[in-house]
Amino acid sequence: MARENNMAVPEFLREAELLKQGAEARVYRAEFLGRPTIVKERFPKRYRHPALDEKLTHRRTVQEVRAILRCRRAGISAPVVYFVDYTCHCIFLEEIVGSSTVRDYIASAQQSDSCKELKLQRLAERVGQVLAKMHDEDVIHGDLTTSNMLLRPSPEGGESDLVLIDFGLSYISALPEDKGVDLYVLEKAFLSTHPNTEELFEKLLKSYKASSKKSSAVIKKLDEVRLRGRKRSMVG
Amino acid sequence: MTVVIGFEGSANKIGIGIIRDGEVLSNPRRTYITPPGQGFLPSDTARHHRAFILTVLKEALEQAGLKPADIDCVAYTKGPGMGAPLVTVALVARTVAQLWGKPLLGVNHCIGHIEMGRLITKANNPTVLYVSGGNTQVIAYSERRYRIFGETIDIAVGNCLDRFARVIKISNDPSPGYNIEQMAKKGSQYVELPYTVKGMDVSFSGILSYIEVRAAQRRFHTFIILLLSLQETLFSMLVEITERAMAHCGSQEVLIVGGVGCNLRLQEMMGVMCKERGAKLFATDERFCIDNGAMIAQAGWEMFRSGQVTELEDSWITQRYRTDEVEVTWRD
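Residues numbered from 1 in each chain as written. Chains lettered and ligands numbered in written order. Predicted model: local features only at pLDDT ≥ 70, side-chain atom pairs only at ≥ 80, totals over all residues. Heavy atoms only, no water.

Our working rule: UniProt positions are given in the numbering used here, feature names are shortened, and annotations may be inferred rather than shown by experiment.
Where an unreviewed UniProt entry is consulted, chain B appears under the name N(6)-L-threonylcarbamoyladenine synthase, with the organism given as Oreochromis niloticus. Under the heading Catalytic activity (unreviewed entry), UniProt records this for chain B: "L-threonylcarbamoyladenylate + adenosine(37) in tRNA = N(6)-L-threonylcarbamoyladenosine(37) in tRNA + AMP + H(+)". Quoted verbatim from the Sequence similarities (unreviewed entry) field of UniProt, the annotation for chain B is "Belongs to the KAE1 / TsaD family."

Going by an unreviewed UniProt entry, chain A carries the name non-specific serine/threonine protein kinase and comes from Oreochromis aureus. One UniProt comment on chain A, placed under Subunit (unreviewed entry), says "Component of the EKC/KEOPS complex composed of at least GON7, TP53RK, TPRKB, OSGEP and LAGE3; the whole complex dimerizes." Chain A has a UniProt comment under Sequence similarities (unreviewed entry) that states "Belongs to the protein kinase superfamily. BUD32 family."

Here you go:
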């Protein structure tokens, strides 16, 4: 790769608007090829040993893009990948304009009084369906949280589109164990971020079971993984 | 003025500490150290604690310059931890509480670490990384509970280090983790090891099996390269899940507690991560990182002042006691 090309993306980012610095990457907003774009830059983590950092960062960039493409091919909503730069580990993605996170949706629904139950139940049902579809494609998200699910308002004013994002820890696997752990990660994130929503999560799982063709083995594994946490010896 | 005495002996350290309104008056401790290649077994550990506990109790009172009458409450570790040592210590705590006519308080060991960390560092509302031989959790306070955001799905990070130290027969004096840290400092080469982060959780059994095999194969002519690589990998995983929790909670403070928190390389790495996010790192030294009695006293102080008491019939111990099981009545 020619030296001059290394500077193109960093220079581009200098003009872009920094939206946030997540745990994994810096996220910018810019315009690319005339479209609103999100650029996800996995910057070097200086706390890591350089060899470890390069390996990890590269692997995560590749896995993320691969998982997004696989989801999209299966009809699951995920951002379009416009461009990837593997030297500076930047992914150029479609910006889901006007969206809000499922996390914010749940929080605001819990505050309001009108149709709170109905709204949340419907949401849980839809999340279960989307996750079932994703797991049936053997895509393990790896970092399922309510901050990694967006609701994109529909132009016609109908039900909003549920979009999955942040596939940075994702990988391909057919194992029920991996899918069970994927749901376990969501359960933990869900219950710790939104206290007293155990019933809501059960609804999510019910919907998952109903929509997935391979769910019984996965749910069985989920129950096992849940017990593992409980049974662990905690000495010292 | 409230004076609380705390008894801690859930693993191989027996410690008794006295706290008066946020001041540590005394905090003596003894550690059961086994020969290289051996871990500590429950019955031997309990025997060790039985042999030293009354001496340590005397020291605690003398160093604080107090008499039993000056104590307001007797706190002890209810769990989690090893059964036999926990029983030994609880028995003494129950006895002195009855002898002195003072109320008892059963304290969660993990919360002891957290409350001591908060007291010493004055951190306001940090994301807590609790790492020791028995526990590895990322904790954040929310609505009267210390919620576990991320944890190990198999063994604790300290357990991984201690077990590898046993395999290559590193001395357990003063602790295997300390000796690993000193040896790793001498290294400069790094080799790739399995890295397992699953969302907010981590897994260490895979990397342990991997390095045990490599050590047995004598792939490298010293173990230093493995020790350095092991620390770099393990600690990177811990820093990563801590960072995730911080990003998720919008937190700007990190507090490291637990024996593995003494490790300066871990503190250094966490410090770099914090600096890059504009967050603040809080850590304590070996007096308070490592299991000690004062931390139980401090948690007991908080619980006692918020009106909690443990009746004699409820003063049992338990090996499994989740951090989020306790209602944190002393915070809003």
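Picking up where we left off.
**Some thoughts on the overall build of chain B**
Rule in force here: Think of it this way: any DSSP run of H or I at least four residues long counts as a helix, any run of E at least two long counts as a strand, and we number them from the N terminus. The globule rule used for comparison is 2.2 Å times the number of residues to the exponent 0.38, while the radius of gyration itself is calculated over C-alpha atoms. Only protein chains enter the area calculation, which uses a 1.4 Å probe; residues under 20% of their type maximum are buried, those over 50% are exposed, and those in between are partly exposed. The contact rule is simple, with two residues in contact once any of their heavy atoms fall within 4.5 Å. Each accessible area value is a Shrake-Rupley result obtained with a 1.4 Å probe; residue values ignore everything except the protein chains displayed when judging cover. Just so you know, the count uses Lys and Arg for positive and Asp and Glu for negative, and it drops His and the chain ends. For this purpose, a charge sits on NZ of Lys, CZ of Arg, CG of Asp or CD of Glu.
Helix and strand counts for chain B come out as 10 helices and 13 strands. Taken over C-alpha atoms, the radius of gyration comes to 20 Å for chain B, in line with the 20 Å a tight globule of 332 residues would show. Along the first, second and third principal axes, the C-alpha atoms of chain B reach 60 × 45 × 30 Å. The burial tally for chain B puts 61% of its 332 residues in the buried class. Within chain B, contacts between residues at least 6 apart in sequence are counted, and of these 78% link residues at least 24 apart. With the model as given, the accessible surface of chain B reaches about 12200 Å², and the carbon-plus-sulfur share is 50%. The average position of the 35 basic charges and that of the 35 acidic charges among the side chains of chain B differ by 4 Å.

**Digging into the UniProt feature "binding site: substrate" (unreviewed entry) in chain B**
Residue and element names in this part refer to chain B. Applicable threshold: As used in this structure description, the phrase polar contact means that two N or O atoms lie within 3.5 Å; if the pair is within protein, one of them must be able to donate a hydrogen and the other to accept it, and residues adjacent in sequence are counted only when both atoms belong to side chains.
UniProt records the feature "binding site: substrate" (unreviewed entry) at Y130, V131, S132, G133, G134, D162, G177, E181 and N263, using the numbering of this structure. If you trace the backbone, Y130 turns up in strand β7 (residues 127-131). For Y130, the side chain forms a polar contact with the side chain of H109, separated by 3.5 Å. Structurally, G134 is set in the loop between β7 and β8 (136-142). Exposure remark for G134: the relative accessible area of 9% places this residue in the buried category.

**Observations regarding the pattern of salt bridges**
Stated precisely, the cut-off is as follows: Just to be clear on terms, a salt bridge is a Lys or Arg side-chain nitrogen sitting within 4 Å of an Asp or Glu carboxyl oxygen.
Within the structure shown, the criterion is met by 45 salt bridges over all chains. The partner of E159 of chain A in a salt bridge is R126 of chain A, with the nearest N and O atoms 3.8 Å apart. Placement of the pair is E159 of chain A in the loop between β8 (149-152) and β9 (161-164) and R126 of chain A in helix α4 (residues 116-136), with a sequence separation of 33 residues. Here E159 of chain A falls in the partly exposed class, since its relative accessible area comes to 45%. Residue R126 of chain A is classed as buried on the basis of its relative accessible area of 13%. Put simply, R277 of chain B and E243 of chain B hold a salt bridge, and the shortest N to O gap is 3.0 Å. Of this pair, R277 of chain B sits in helix α8 (residues 264-277) while E243 of chain B sits in helix α7 (residues 224-249), and the two are 34 residues apart along the sequence. For E243 of chain B, a relative accessible area of 3% translates into the label buried.

**Considerations on the pairing of strand β4 (residues 81-85) of chain A**
Residue and element names in this part refer to chain A. Formally: Any two strands with at least two DSSP-identified bridges between them are counted as paired.
Bridge count between β4 and strand β5 (residues 90-94): 4 bridges; the pairing is antiparallel. Counterpart to D85 in the pairing with β5 is C90. The antiparallel hairpin formed by β4 and β5 contains 4 residues in its connecting segment, where H89 sits at a positive phi of about 55°.

**Comments concerning the sheet that holds strand β9 (residues 145-151) of chain B**
All names here are of chain B. Just so we agree on the cut-off: Think of each axis as a best-fit line through the C-alpha atoms, taken over the contacting stretch in the case of a helix, with angles from 0 to 180 degrees between the N-to-C directions.
The 5 strands are arranged β9-β8-β7-β12-β13 in an open sheet whose pairing can be described as mixed. Each of the sheet's edge strands pairs with one partner strand only, and the pair in question is β9 and β13 (280-283). Geometrically, the sheet is characterised by an average inter-axis angle of 25° between neighbouring strands, direction not taken into account. Examined bridge by bridge, strand β12 (residues 253-257) and β13 share 4 bridges and lie parallel to one another. Bridging across to β13, I256 finds its partner in A283. Packed onto the sheet, helix α3 (residues 109-121) meets β7, β8, β9, β12 and β13 and runs at close to 125° relative to β12. The sheet strands contacting α7 are β7, β8, β9 and β12, and the helix crosses β7 at an angle near 155°.

**Observations concerning the packing of aromatic side chains**
All names here are of chain A. Applicable threshold: Paired rings are identified among Phe, Tyr and Trp, the last through its six-membered ring, by centres lying within 6.5 Å, and are further divided according to the angle between planes into stacked (under 30 degrees), edge-to-face (over 60) and tilted (the rest).
If you walk through the whole model with that rule in mind, you get 7 aromatic pairs over all chains. Relative to F83, the ring of F32 lies with its centre 5.9 Å away and its plane at 25°, an arrangement referred to as stacked. Of the two residues, F32 sits in strand β2 (residues 26-32) while F83 sits in strand β4, which places them 51 residues apart along the sequence. Seen from their ring centres, F190 and F201 are 5.4 Å apart, and the 55° between their planes marks the pair as tilted. Here F190, found in helix α5 (residues 176-193), pairs with F201, found in helix α6 (residues 198-211); they are 11 residues apart in sequence, far enough to count as distant. Per residue, the accessibility class of F190 equals that of F201, and both read buried. Cluster of aromatic residues (ring-pair linked, three or more members): F12, F32, F83 and F92.

**Considering the sheet that holds strand β6 (residues 100-101) of chain A**
Residues and elements named next belong to chain A. Spatial strand order, β6-β8-β9: 3 strands in an open sheet with antiparallel pairing. Bordering the open sheet on either side are β6 and β9, each of which pairs with just one other strand. Two strands pair when backbone bridges link them, and β8 and β9 are joined in this way by 4 bridges, in the antiparallel orientation. Pairing of R152 across the sheet is with D161, part of β9.

**Structural notes on the confidence of the model for chain B**
Test applied: A score between 0 and 100, pLDDT records how confident the predictor is in each residue.
Taken as a whole, chain B shows an average pLDDT of 95; of its residues, 99% reach a score of 70 or greater. Here the complex is predicted with pTM 0.86, and the ipTM for its interfaces comes to 0.88.

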